[in-house]
Amino acid sequence: MKYLFVLGRNAILSKAEVFSYFEKEENKILNSEENGNGLLVELTHPLPLNSIRFFGGVVAIGEVISEVNIKELEKDLDKINLYSGTENKLNYALWSFSENFDEFQDYLKARFKKEKLKATLKHLTRNVDLQSGGKLEIPSSKLIDEEFFIFDGKGKTFFGKITQNPDYSKMEERDMEKPVRRESLAISPRLSKILINLSKVKKDETLIDPFCGIGVLLSEALLLGIKVIGIDKDKDAINGAKQNLEWFKFKKENYKLLNSDSTKVGGEKGSAIATEPDLGKTLKKMPTKNEAKKTLESFENLIIGVINNFKGNISGRIVFSSPYIRIGKERLKCNIEKILEKTGYELKYEIPEYRENQFVGRVIYVLEKRVKK
Ligand SMILES: C[S@@+](CC[C@H](N)C(=O)[O-])C[C@H]1O[C@@H](n2cnc3c(N)ncnc32)[C@H](O)[C@@H]1O
(Lines give C-alpha, C1' and ligand atoms only; values in the text may rest on other atoms or scores of the structure.)
Protein backbone atom coordinates (compact mmCIF):
# COMPACT_ATOMS: atom_id res chain seq x y z
CA MET A 1 0.00 0.00 0.00
CA LYS A 2 1.89 3.01 -1.29
CA TYR A 3 0.72 6.59 -0.89
CA LEU A 4 1.98 9.98 -1.93
CA PHE A 5 1.84 12.78 0.63
CA VAL A 6 2.32 16.22 -0.90
CA LEU A 7 3.98 18.28 1.81
CA GLY A 8 3.13 21.96 2.29
CA ARG A 9 5.27 25.10 2.57
CA ASN A 10 7.50 23.73 5.31
CA ALA A 11 8.32 20.26 4.03
CA ILE A 12 10.58 19.34 6.97
CA LEU A 13 7.84 20.17 9.46
CA SER A 14 5.16 18.38 7.42
CA LYS A 15 7.33 15.29 7.10
CA ALA A 16 7.87 15.18 10.88
CA GLU A 17 4.10 15.55 11.26
CA VAL A 18 3.39 12.62 8.90
CA PHE A 19 5.94 10.35 10.60
CA SER A 20 4.68 11.22 14.10
CA TYR A 21 1.08 10.62 13.02
CA PHE A 22 1.78 7.11 11.71
CA GLU A 23 3.91 6.23 14.73
CA LYS A 24 1.01 6.95 17.06
CA GLU A 25 -1.55 5.29 14.78
CA GLU A 26 0.52 2.12 14.80
CA ASN A 27 0.32 2.08 11.03
CA LYS A 28 3.99 1.55 10.41
CA ILE A 29 5.76 3.32 7.55
CA LEU A 30 7.60 0.40 5.98
CA ASN A 31 9.49 2.48 3.41
CA SER A 32 9.64 6.11 2.41
CA GLU A 33 11.20 8.19 -0.34
CA GLU A 34 11.24 11.92 -0.97
CA ASN A 35 11.32 13.93 -4.13
CA GLY A 36 10.87 17.69 -3.68
CA ASN A 37 7.67 18.14 -1.70
CA GLY A 38 6.52 14.63 -2.54
CA LEU A 39 6.82 12.02 0.19
CA LEU A 40 6.07 8.48 -0.97
CA VAL A 41 5.31 6.10 1.88
CA GLU A 42 4.54 2.41 2.03
CA LEU A 43 2.12 1.77 4.91
CA THR A 44 1.30 -1.43 6.77
CA HIS A 45 -2.46 -0.78 6.67
CA PRO A 46 -4.67 1.00 4.12
CA LEU A 47 -5.27 4.68 4.71
CA PRO A 48 -8.93 5.47 5.50
CA LEU A 49 -10.76 7.95 3.29
CA ASN A 50 -10.55 11.59 4.37
CA SER A 51 -7.46 10.97 6.50
CA ILE A 52 -6.17 14.28 5.19
CA ARG A 53 -8.33 16.09 7.72
CA PHE A 54 -5.98 14.87 10.45
CA PHE A 55 -3.01 16.76 9.00
CA GLY A 56 -2.14 20.44 9.17
CA GLY A 57 0.75 20.45 6.71
CA VAL A 58 -0.32 18.04 3.96
CA VAL A 59 -1.58 19.56 0.70
CA ALA A 60 -2.81 16.38 -1.00
CA ILE A 61 -2.72 12.60 -0.63
CA GLY A 62 -2.58 10.16 -3.54
CA GLU A 63 -2.58 6.42 -4.04
CA VAL A 64 0.00 4.70 -6.17
CA ILE A 65 -1.64 2.71 -8.98
CA SER A 66 1.39 1.41 -10.76
CA GLU A 67 5.14 1.33 -10.88
CA VAL A 68 6.06 2.17 -14.45
CA ASN A 69 8.94 1.84 -16.79
CA ILE A 70 9.32 5.09 -18.71
CA LYS A 71 10.42 3.24 -21.83
CA GLU A 72 7.29 1.10 -21.78
CA LEU A 73 4.66 3.55 -20.61
CA GLU A 74 1.98 2.24 -22.93
CA LYS A 75 2.50 -1.35 -21.89
CA ASP A 76 2.34 -0.42 -18.18
CA LEU A 77 -0.53 2.07 -18.30
CA ASP A 78 -2.84 0.86 -21.09
CA LYS A 79 -4.28 -1.84 -18.84
CA ILE A 80 -5.26 0.70 -16.15
CA ASN A 81 -8.62 2.44 -16.14
CA LEU A 82 -7.76 6.13 -15.81
CA TYR A 83 -11.14 7.84 -15.90
CA SER A 84 -14.06 6.52 -13.90
CA GLY A 85 -16.58 9.28 -14.69
CA THR A 86 -19.51 8.98 -17.06
CA GLU A 87 -19.27 12.23 -19.00
CA ASN A 88 -17.44 12.54 -22.24
CA LYS A 89 -15.60 15.61 -20.95
CA LEU A 90 -12.64 15.42 -18.63
CA ASN A 91 -10.49 18.08 -16.98
CA TYR A 92 -7.40 16.58 -15.47
CA ALA A 93 -4.21 17.68 -13.74
CA LEU A 94 -0.82 16.05 -13.49
CA TRP A 95 1.23 16.61 -10.35
CA SER A 96 4.86 15.99 -11.12
CA PHE A 97 7.67 14.89 -8.83
CA SER A 98 9.46 13.53 -11.80
CA GLU A 99 11.80 14.34 -14.65
CA ASN A 100 9.45 12.59 -17.05
CA PHE A 101 6.53 15.03 -17.14
CA ASP A 102 6.57 15.38 -20.93
CA GLU A 103 6.43 11.63 -21.53
CA PHE A 104 3.43 11.24 -19.22
CA GLN A 105 1.71 14.32 -20.62
CA ASP A 106 2.06 12.93 -24.15
CA TYR A 107 0.88 9.50 -23.08
CA LEU A 108 -2.25 10.84 -21.35
CA LYS A 109 -3.11 13.06 -24.31
CA ALA A 110 -2.86 10.18 -26.76
CA ARG A 111 -4.67 7.81 -24.43
CA PHE A 112 -7.69 10.08 -23.89
CA LYS A 113 -7.85 10.81 -27.60
CA LYS A 114 -7.98 7.09 -28.28
CA GLU A 115 -10.80 6.80 -25.73
CA LYS A 116 -12.62 9.66 -27.54
CA LEU A 117 -12.73 11.83 -24.44
CA LYS A 118 -12.68 15.61 -24.66
CA ALA A 119 -9.83 15.80 -22.20
CA THR A 120 -8.08 19.01 -21.13
CA LEU A 121 -4.92 19.14 -19.10
CA LYS A 122 -5.30 21.83 -16.44
CA HIS A 123 -1.97 23.23 -15.42
CA LEU A 124 -1.09 23.66 -11.78
CA THR A 125 -1.28 27.43 -11.58
CA ARG A 126 -1.39 28.18 -7.86
CA ASN A 127 1.99 28.69 -6.26
CA VAL A 128 2.81 27.94 -2.65
CA ASP A 129 5.96 29.78 -1.54
CA LEU A 130 8.17 27.23 0.15
CA GLN A 131 10.11 28.05 3.29
CA SER A 132 13.18 26.48 1.70
CA GLY A 133 12.85 28.84 -1.31
CA GLY A 134 11.19 27.95 -4.58
CA LYS A 135 7.55 27.24 -5.22
CA LEU A 136 5.18 24.29 -5.12
CA GLU A 137 2.63 24.31 -7.91
CA ILE A 138 -0.85 23.12 -6.99
CA PRO A 139 -4.16 23.16 -8.90
CA SER A 140 -6.18 26.35 -8.61
CA SER A 141 -9.39 25.18 -10.21
CA LYS A 142 -12.02 23.12 -8.46
CA LEU A 143 -13.29 22.00 -11.84
CA ILE A 144 -10.81 19.19 -12.12
CA ASP A 145 -12.24 15.69 -12.48
CA GLU A 146 -9.08 13.66 -12.03
CA GLU A 147 -5.68 14.48 -10.59
CA PHE A 148 -2.85 12.15 -11.52
CA PHE A 149 0.68 12.17 -10.20
CA ILE A 150 4.08 10.90 -11.15
CA PHE A 151 6.92 10.42 -8.74
CA ASP A 152 10.50 9.40 -9.46
CA GLY A 153 11.81 7.17 -6.70
CA LYS A 154 15.16 5.50 -6.56
CA GLY A 155 15.33 3.62 -9.85
CA LYS A 156 11.52 3.52 -10.23
CA THR A 157 8.75 5.85 -11.33
CA PHE A 158 5.35 5.67 -9.68
CA PHE A 159 2.05 6.67 -11.21
CA GLY A 160 -1.12 7.26 -9.26
CA LYS A 161 -4.17 9.36 -8.51
CA ILE A 162 -4.66 12.10 -5.93
CA THR A 163 -7.57 10.85 -3.84
CA GLN A 164 -7.70 13.26 -0.89
CA ASN A 165 -7.64 17.06 -0.86
CA PRO A 166 -7.99 19.24 2.24
CA ASP A 167 -11.11 21.25 2.87
CA TYR A 168 -9.50 24.58 3.74
CA SER A 169 -12.79 26.45 3.55
CA LYS A 170 -14.24 24.49 6.48
CA MET A 171 -11.14 25.14 8.55
CA GLU A 172 -11.12 28.85 7.75
CA GLU A 173 -14.85 29.15 8.31
CA ARG A 174 -14.70 27.82 11.84
CA ASP A 175 -11.65 29.96 12.58
CA MET A 176 -13.39 33.14 11.41
CA GLU A 177 -16.82 32.40 12.85
CA LYS A 178 -15.96 31.42 16.40
CA PRO A 179 -17.23 34.05 18.87
CA VAL A 180 -13.88 35.15 20.36
CA ARG A 181 -10.93 35.90 18.11
CA ARG A 182 -7.52 37.28 19.02
CA GLU A 183 -5.61 37.67 15.82
CA SER A 184 -2.34 39.04 17.12
CA LEU A 185 -1.71 36.10 19.48
CA ALA A 186 -3.58 33.25 17.88
CA ILE A 187 -2.01 30.17 16.39
CA SER A 188 -3.52 28.96 13.12
CA PRO A 189 -5.65 25.80 13.04
CA ARG A 190 -3.18 24.27 10.62
CA LEU A 191 -0.15 24.81 12.84
CA SER A 192 -2.23 23.62 15.81
CA LYS A 193 -2.87 20.30 14.04
CA ILE A 194 0.82 19.95 13.26
CA LEU A 195 1.77 20.46 16.93
CA ILE A 196 -0.95 18.00 18.02
CA ASN A 197 0.33 15.33 15.61
CA LEU A 198 3.94 15.93 16.64
CA SER A 199 2.88 15.26 20.26
CA LYS A 200 1.65 11.78 19.21
CA VAL A 201 -1.37 12.11 21.51
CA LYS A 202 -4.03 9.56 20.56
CA LYS A 203 -7.80 9.76 20.36
CA ASP A 204 -9.41 9.61 23.84
CA GLU A 205 -6.12 10.50 25.53
CA THR A 206 -5.60 13.88 27.21
CA LEU A 207 -3.53 16.72 25.78
CA ILE A 208 -2.49 19.69 27.91
CA ASP A 209 -2.04 23.18 26.47
CA PRO A 210 -0.52 25.25 29.31
CA PHE A 211 -0.72 28.51 27.28
CA CYS A 212 -4.12 27.91 25.73
CA GLY A 213 -5.22 31.51 25.05
CA ILE A 214 -8.66 31.49 23.46
CA GLY A 215 -8.35 27.79 22.69
CA VAL A 216 -7.55 27.33 19.00
CA LEU A 217 -5.27 24.35 19.61
CA LEU A 218 -7.75 22.94 22.13
CA SER A 219 -10.60 23.00 19.64
CA GLU A 220 -8.52 21.37 16.88
CA ALA A 221 -7.61 18.57 19.32
CA LEU A 222 -11.23 18.13 20.48
CA LEU A 223 -12.33 17.90 16.84
CA LEU A 224 -9.95 14.94 16.51
CA GLY A 225 -11.50 13.17 19.51
CA ILE A 226 -8.70 14.09 21.93
CA LYS A 227 -9.54 15.26 25.47
CA VAL A 228 -7.92 18.50 26.56
CA ILE A 229 -6.90 20.59 29.55
CA GLY A 230 -6.30 24.26 28.74
CA ILE A 231 -4.58 26.63 31.15
CA ASP A 232 -4.01 30.35 30.83
CA LYS A 233 -3.12 32.93 33.44
CA ASP A 234 -5.19 35.56 31.65
CA LYS A 235 -8.81 35.49 32.82
CA ASP A 236 -10.13 37.06 29.61
CA ALA A 237 -8.33 34.45 27.51
CA ILE A 238 -9.85 31.59 29.53
CA ASN A 239 -13.30 33.16 29.24
CA GLY A 240 -12.72 33.44 25.49
CA ALA A 241 -11.68 29.77 25.33
CA LYS A 242 -14.82 28.83 27.29
CA GLN A 243 -17.07 30.70 24.86
CA ASN A 244 -15.29 29.21 21.85
CA LEU A 245 -15.46 25.60 23.08
CA GLU A 246 -19.14 26.04 23.98
CA TRP A 247 -19.78 27.42 20.49
CA PHE A 248 -18.33 24.21 19.01
CA LYS A 249 -20.72 22.24 21.30
CA PHE A 250 -17.96 19.96 22.55
CA LYS A 251 -19.00 17.64 25.37
CA LYS A 252 -18.09 19.29 28.69
CA GLU A 253 -16.60 16.08 30.08
CA ASN A 254 -13.95 16.17 27.33
CA TYR A 255 -12.33 19.44 28.37
CA LYS A 256 -11.23 21.40 31.39
CA LEU A 257 -10.18 25.06 31.46
CA LEU A 258 -8.15 26.59 34.26
CA ASN A 259 -7.32 30.21 34.91
CA SER A 260 -3.89 29.61 36.47
CA ASP A 261 -0.18 30.12 36.15
CA SER A 262 1.23 27.04 34.40
CA THR A 263 4.52 27.24 36.27
CA LYS A 264 2.57 26.69 39.52
CA VAL A 265 -0.72 24.87 38.87
CA GLY A 266 -0.65 21.35 40.26
CA GLY A 267 -2.07 17.91 39.72
CA GLU A 268 -3.14 18.00 36.07
CA LYS A 269 -2.35 14.73 34.30
CA GLY A 270 -2.11 14.09 30.56
CA SER A 271 -0.44 12.06 27.83
CA ALA A 272 1.33 14.97 26.15
CA ILE A 273 1.75 18.74 25.94
CA ALA A 274 1.37 20.76 22.74
CA THR A 275 1.45 24.52 23.02
CA GLU A 276 2.33 27.91 21.67
CA PRO A 277 3.65 29.88 24.68
CA ASP A 278 4.08 33.63 24.80
CA LEU A 279 6.62 34.38 22.08
CA GLY A 280 7.31 37.87 23.51
CA LYS A 281 5.91 41.18 22.38
CA THR A 282 4.44 41.48 18.90
CA LEU A 283 7.16 43.47 17.16
CA LYS A 284 6.55 46.21 14.61
CA LYS A 285 10.26 46.85 14.11
CA MET A 286 13.38 44.75 14.31
CA PRO A 287 14.60 44.39 17.92
CA THR A 288 18.19 44.99 19.01
CA LYS A 289 20.34 41.98 19.78
CA ASN A 290 20.06 42.73 23.49
CA GLU A 291 16.26 42.95 23.39
CA ALA A 292 16.14 39.67 21.50
CA LYS A 293 18.44 37.96 23.99
CA LYS A 294 16.29 39.16 26.90
CA THR A 295 13.11 37.87 25.23
CA LEU A 296 14.75 34.50 24.62
CA GLU A 297 16.06 34.23 28.15
CA SER A 298 12.71 34.97 29.70
CA PHE A 299 11.15 32.45 27.31
CA GLU A 300 13.65 29.78 28.38
CA ASN A 301 12.90 30.38 32.07
CA LEU A 302 9.17 30.27 31.45
CA ILE A 303 9.23 27.00 29.50
CA ILE A 304 11.65 25.37 31.97
CA GLY A 305 9.26 26.34 34.79
CA VAL A 306 6.29 24.85 32.97
CA ILE A 307 8.01 21.61 31.91
CA ASN A 308 9.35 21.00 35.42
CA ASN A 309 5.93 21.68 36.88
CA PHE A 310 4.22 19.15 34.60
CA LYS A 311 6.81 16.50 33.86
CA GLY A 312 5.83 14.14 36.67
CA ASN A 313 2.30 14.05 35.24
CA ILE A 314 3.03 13.76 31.52
CA SER A 315 3.88 10.39 30.01
CA GLY A 316 4.64 11.38 26.41
CA ARG A 317 6.06 14.17 24.31
CA ILE A 318 6.27 17.88 25.00
CA VAL A 319 5.85 20.01 21.87
CA PHE A 320 6.17 23.78 21.90
CA SER A 321 6.92 26.67 19.62
CA SER A 322 9.53 29.25 20.61
CA PRO A 323 10.61 32.67 19.32
CA TYR A 324 12.95 32.81 16.32
CA ILE A 325 13.97 36.45 16.24
CA ARG A 326 15.41 38.22 13.22
CA ILE A 327 18.42 40.45 13.86
CA GLY A 328 19.71 41.80 10.55
CA LYS A 329 20.27 38.76 8.37
CA GLU A 330 20.48 36.17 11.14
CA ARG A 331 17.87 34.77 13.47
CA LEU A 332 18.31 34.00 17.15
CA LYS A 333 16.67 31.05 18.87
CA CYS A 334 16.48 29.93 22.48
CA ASN A 335 19.12 27.89 24.22
CA ILE A 336 17.63 24.40 23.92
CA GLU A 337 20.63 22.73 25.57
CA LYS A 338 19.90 24.72 28.73
CA ILE A 339 16.21 23.70 28.57
CA LEU A 340 17.11 20.02 28.12
CA GLU A 341 19.66 20.10 30.90
CA LYS A 342 17.30 21.72 33.37
CA THR A 343 14.32 19.53 32.58
CA GLY A 344 15.86 16.10 31.89
CA TYR A 345 14.23 15.76 28.46
CA GLU A 346 15.90 14.93 25.16
CA LEU A 347 15.45 16.55 21.78
CA LYS A 348 13.53 14.69 19.08
CA TYR A 349 13.00 17.50 16.56
CA GLU A 350 14.02 21.15 16.23
CA ILE A 351 12.32 22.69 13.20
CA PRO A 352 12.24 26.38 12.19
CA GLU A 353 8.89 27.69 10.95
CA TYR A 354 8.91 31.29 9.71
CA ARG A 355 8.25 33.68 6.88
CA GLU A 356 11.00 35.95 5.59
CA ASN A 357 9.08 39.14 6.47
CA GLN A 358 8.39 38.15 10.11
CA PHE A 359 10.58 39.63 12.83
CA VAL A 360 9.54 36.85 15.15
CA GLY A 361 9.19 33.43 13.56
CA ARG A 362 9.09 30.14 15.41
CA VAL A 363 11.31 27.22 16.16
CA ILE A 364 9.25 24.16 16.99
CA TYR A 365 10.69 21.75 19.51
CA VAL A 366 9.63 18.20 20.18
CA LEU A 367 10.99 16.75 23.43
CA GLU A 368 10.85 13.22 24.74
CA LYS A 369 11.60 11.83 28.19
CA ARG A 370 15.22 10.82 28.49
CA VAL A 371 15.46 7.05 28.54
CA LYS A 372 17.46 5.86 31.55
CA LYS A 373 20.35 3.67 30.43
C1 LIG B 1 0.66 33.09 22.26
S2 LIG B 1 -0.64 33.01 23.40
C3 LIG B 1 -1.36 31.48 23.05
C4 LIG B 1 -2.29 31.59 21.92
C5 LIG B 1 -3.23 30.43 21.82
N6 LIG B 1 -2.58 29.31 21.20
C7 LIG B 1 -4.45 30.89 21.06
O8 LIG B 1 -4.67 30.42 19.95
O9 LIG B 1 -5.17 31.72 21.57
C10 LIG B 1 0.14 32.75 24.91
C11 LIG B 1 -0.78 32.72 26.10
O12 LIG B 1 0.00 32.31 27.21
C13 LIG B 1 -0.52 32.92 28.37
N14 LIG B 1 0.50 32.84 29.43
C15 LIG B 1 1.68 33.47 29.52
N16 LIG B 1 2.36 33.09 30.62
C17 LIG B 1 1.61 32.14 31.23
C18 LIG B 1 1.77 31.34 32.39
N19 LIG B 1 2.85 31.44 33.17
N20 LIG B 1 0.78 30.48 32.72
C21 LIG B 1 -0.33 30.36 31.95
N22 LIG B 1 -0.53 31.10 30.84
C23 LIG B 1 0.41 31.98 30.48
C24 LIG B 1 -0.90 34.31 27.93
O25 LIG B 1 -1.90 34.86 28.75
C26 LIG B 1 -1.38 34.05 26.49
O27 LIG B 1 -2.77 33.94 26.43
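Cut-offs applied
- Residues numbered from 1 in each chain as written.
- Predicted model: local features only at pLDDT ≥ 70, side-chain atom pairs only at ≥ 80, totals over all residues.
- Heavy atoms only, no water.
- Core = buried A, V, L, I, M, F, W, Y, C linked by side-chain atoms within 4.5 Å.
- Buried < 20%, exposed > 50% of the residue type's maximum accessible area, 1.4 Å probe, protein only.
- Helix = DSSP H or I, 4+ residues; strand = E, 2+ residues; numbered from the N terminus.
- Domains from an automatic or database assignment.
- Contact = heavy atoms within 4.5 Å.
- Axes fitted to C-alpha atoms, helices over the stretch in contact; angles between N-to-C directions.
- Parallel < 35°, antiparallel > 145°, perpendicular 65-115°, else oblique.
- Left-handed = near helix turned anticlockwise from the far one by under 90°.
- Nonpolar A, V, L, I, M, F, W, Y, C, P; charged D, E, K, R; others polar.
- Pairing = 2+ DSSP bridges.
- Phe/Tyr/Trp six-rings, centres within 6.5 Å; stacked < 30°, edge-to-face > 60°.
- Lys NZ or Arg CZ within 6 Å of the ring centre and 35° of its normal.
- Near = heavy atom within 4 Å.
- Polar contact = N/O pair within 3.5 Å; in protein donor to acceptor, adjacent residues only side chain to side chain.
- Areas by Shrake-Rupley, 256 points an atom, 1.4 Å probe, with all protein chains shown as cover.

*Asks:* Explain the nonpolar core to me, using residue names and the numbers behind them.
*Replies:* Of all hydrophobic cores here, the largest spans 49 residues; its most connected members are Phe5, Phe22, Leu198 and Leu207. The biggest single contributor to this core is helix H1 (residues 11-25), with six residues. Counting contributing residues, this core receives three or more from each of domain 1 (2-166) and domain 2 (169-369). Setting aside its immediate chain neighbours within four residues, Leu207 contacts Ile196, Ser199, Val201, Leu217, Ala221, Ile226, Lys227, Val228, Ile229, Ala272, Ile273 and Ala274.

*Asks:* Any details on the packing of helix H8 (residues 289-310) against helix H9 (residues 336-343)? Residues and values, ideally.
*Replies:* At a minimum axis separation of 10 Å, H8 and H9 run at an interaxial angle of 25 degrees. As the angle between them shows, H8 and H9 are arranged roughly parallel. For the crossing formed where H8 meets H9, the hand is right-handed. When H8 is examined against H9, the residues Glu297, Glu300, Asn301, Ile303, Ile304, Ile307 and Asn308 are found in contact with a partner set consisting of Lys338, Ile339, Lys342 and Thr343. A breakdown of the residues in the contact of H8 with H9 according to their chemical character gives four nonpolar, three polar and four charged.

*Asks:* Describe in detail the pairing of strand E8 (residues 135-138), supporting the description with residues and values.
*Replies:* Here E8 shows one buried face, formed by Leu136 and Ile138, and one open face, formed by Lys135 and Glu137. Examined bridge by bridge, strand E7 (residues 126-129) and E8 share four bridges and lie antiparallel to one another. Counterpart to Arg126 in the pairing with E8 is Ile138. Where E7 folds back on E8, the antiparallel hairpin that results is connected by five residues, among which Gly133 adopts a positive phi of roughly 95 degrees.

*Asks:* Account for the packing of aromatic side chains, with residues named and values stated.
*Replies:* Here the structure, examined in full by the defined rule, presents 18 aromatic pairs. Ring centres of Phe151 and Phe158 lie 6.4 Å apart, and the angle between their planes is 55 degrees; this geometry places the pair in the tilted category. With relative accessibility at 2%, the residue Phe158 sits in the buried group. An aromatic cluster is present here, built from Phe5, Tyr21, Phe22, Phe54 and Phe55 joined pairwise through their rings. The lysine or arginine in question, Arg331, covers the ring of Tyr324, its NZ or CZ lying 5.6 Å from the ring centre. Taking NZ or CZ as reference, Lys348 lies 5.7 Å from the ring centre of Tyr349, over its face.

*Asks:* An account of the site of the ligand is requested, with residue identities and associated values reported.
*Replies:* Taken together, 20 residues sit near the ligand, with Arg182, Ile214, Asp232, Asp261 and Ser262 positioned nearest. At 2.9 Å, a backbone N or O of Ser262 approaches a nitrogen atom of the ligand. Expressed as a share of its isolated accessible area of 610 Å², the protein-covered part of the ligand is 96%. Looking at the shell around the ligand residue by residue, the classes come out as ten nonpolar, three polar and seven charged.

Nothing here speaks to function; it is all geometry.
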